[in-house]
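# Examining the three-dimensional arrangement
Here are the chains, one letter per residue:
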Amino acid sequence: MDLTRWLAAAVASNADWAKSFGPYEPHPALAVDDSRFTEVFATFTERLKDNYPFFHPRYAGQMLKPPHPAAVVGYLTAMLINPNNHALDGGPATAAMEREVVQQLATMFGYDTHLGHLTTSGTIANLEALFVARELHPGRGVAYSTEAHYTHGRMCGVLGVEGFCVPTDDLGRMDLDALEDLLRTGRIGTVVLTAGTTSLGAVEPIHEALALRERYGVRIHVDAAYGGFFTLLAGTDGPEGLPAEPWQAVAQSDSVVVDPHKHGLQPYGCGAVLFRDPTVGRFYLHDSPYTYFTSEELHLGEISLECSRAGAAAAALWLTFQLLPPTRDGLGRVLAAGRRGALRWAELIEQSEHLVLYQTPQLDIVSYFPVTESNALSQIDAASNRILHEGMTDSREPVFLSTLRVDAERFTARHPKITADADGARILRSVLMKPESETYVDRLHERLEQLARR
């Protein structure tokens with residue numbers, strides 16, 4: 001895609017559409033002189049240089065990458081109109097697009113029926129899922145693993161619901177025996193299972209938890225904000241293929257959250273929440289006499305806790321899905337490349353004399369730590385921190401990583417030869433979200449070995 005060409009086409013398309021409504025005189029209060037704009041824009045673009053190169057495969061840190069050019073063009077084209085997807089009169093075209101992309105997401109997860117919408121983030125999407133769960137199980141709590149995203153604990157506080165942390169197994173997944181002990185108390189109404197934890201990318205055993213739902217009458221909510229699109233690799237051939245069972249089980253969950261602004265190639269913020277039972281829409285019921293008046297059809301604001309939402313987000317996702325749909329041969333190819341890159345790097349680390357693989361990647365997150373003289377947690381922590389900062393401040397060949405703090409118990413369970421002389425240690429963590437990482441990991445590994453040897 002020639003981004004410059006299509007951005008110009010977006011502006012021209014909007015201008016042609018605007019002309020169809022007849023001329024009018026722009027108000028002088030909005031006028032900005034080009035020479036003044038030139039000056040301010042130069043300052044603006046200079047300040048934006050104070051960023052890390054999220055676009056480059058040498059950035060192997062957090063879950064960050066630029067949106068696909070199609071998403072950029074889609075967002076800008078719609079943003080020039082600035083529709084609001086709260087009510088149909090605020091954005092009839094983009095509201096229709098939102099329904100279509102949500103249907104595609106529902107199909108991707110195997111939902112036969114659904115109610116859902118886009119949100120500004122996975123946090124808000126999870127809030128909505130837990131809000132519905134509270135209404136269905138008043139007075140009962142929410143269980144989530146110690147590796148679940150911190151948003152669940154926060155949202156329980158917001159909703160006035162008691163939250164319960166469940167221990168994890170050696171792979172960072174919810175311990176279902178510990179969960180069942182908690183369920184026997186009768187205090188739990190909803191269980192949150194994570195399909196791709198933020199720390200290590202662990203996929204919790206959703207398929208096994210379904211039996212507990214039937215036994216104890218709880219709801220199953222799947223937080224797939226980060227990992228959801230990996231369902232496209234479930235059961236596929238090749239090294240990138242994933243075990244099918246937990247992903248197929250998502251179709252039987254009561255609700256699921258996914259973030260298109262992560263692996264869906266979208267700009268922030270674009271999350272989504274889907275419910276398998278459309279009748280939960282009754283919990284959103286409200287009236288707005290100054291909003292819902294142009295159509296008898298269901299307005300998206302009538303099934304959302306949020307009010308104003310950018311129609312441009314729906315437009316960007318719609319245009320992207322037309323070109324790279326959420327199928328194995330569409331977005332699946334993008335995720336497969338990052339997954340293969342993670343597995344390749346894990347192999348290189350396992351052969352290394354200077355780095356140790358913390359845990360085999362379950363998705364596209366690689367976790368590792370430097371070999372130190374005493375193999376003690378305190379030394380590993382200091383060496384990981386040194387590599388992080390030396391890597392990002394090297395002007396000649398920088399590399400951008402992130403760290404993950406692991407407590408001593410979890411660390412020594414995976415690596416019993418490590419001396420626990422501290423309560424925990426930072427390890428290095430790399431999210432290989434960009435497909436370009438597949439062909440860049442050898443260079444990344446070489447650079448990390450150089451830093452680890454110092």
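For the structure itself, consult the block above.
Structure report, in brief. (Residues numbered from 1 in each chain as written. Predicted model: local features only at pLDDT ≥ 70, side-chain atom pairs only at ≥ 80, totals over all residues. Heavy atoms only, no water.)

## Brief notes about the environment of T151
With respect to the helices and strands, the residue T151 is situated in helix α6 (residues 151–159). Sequence separation between T151 and T123 is 28 residues, and the spatial gap between their C-alpha atoms is 6.1 Å. Apart from the residues lying within four places of it in its own chain, the contact partners of T151 are T123 and N126. (Helix = DSSP H or I, 4+ residues; strand = E, 2+ residues; numbered from the N terminus. Contact = heavy atoms within 4.5 Å.)

## What to know about the pattern of salt bridges
Inspection of every chain in the model, using the stated rule, returns 25 salt bridges. With a closest N to O distance of 2.9 Å, D381 and R426 form a salt bridge. In this pair, D381 is assigned in helix α12 (residues 377–393) and R426 in strand β11 (residues 424–431), connecting sequence segments 45 residues apart. Across the pair R386 and E390 runs a salt bridge, and its minimum N-O distance is 3.0 Å. Of this pair, R386 and E390 both sit in helix α12, 4 residues apart, which is roughly one turn of that helix. When its relative accessible area of 23% is taken as the criterion, R386 is described as partly exposed. Each of E180, D181, R184 and R215 takes part in one network of salt bridges that share partners. (Salt bridge = Lys/Arg side-chain N within 4 Å of Asp/Glu carboxyl O. Buried < 20%, exposed > 50% of the residue type's maximum accessible area, 1.4 Å probe, protein only.)

## Notes on the sheet that holds strand β7 (residues 271–275)
Pairing in this open sheet of 7 strands is mixed, and the strands run β1-β7-β6-β5-β4-β2-β3 from one edge to the other. The open sheet has two free edges, formed respectively by β1 (115–119) and β3 (163–166), since each of these has just one partner strand. Adjacent strand axes in the sheet meet at a mean angle of 20 degrees, parallel and antiparallel pairs treated alike. With 3 bridges connecting them, strand β2 (residues 141–145) and strand β4 (residues 188–194) associate as parallel partners. From the neighbouring strand, V142 faces β4, where its bridge partner is T190. Helix-sheet contacts for helix α4 (residues 92–109) involve β1, β6 (255–258) and β7, and the interaxial angle to β1 is about 115 degrees. Where helix α5 (residues 122–136) meets the sheet, it contacts β1, β2, β4, β5 (219–224), β6 and β7, and its direction lies at approximately 25 degrees from that of β7. (Pairing = 2+ DSSP bridges. Axes fitted to C-alpha atoms, helices over the stretch in contact; angles between N-to-C directions.)

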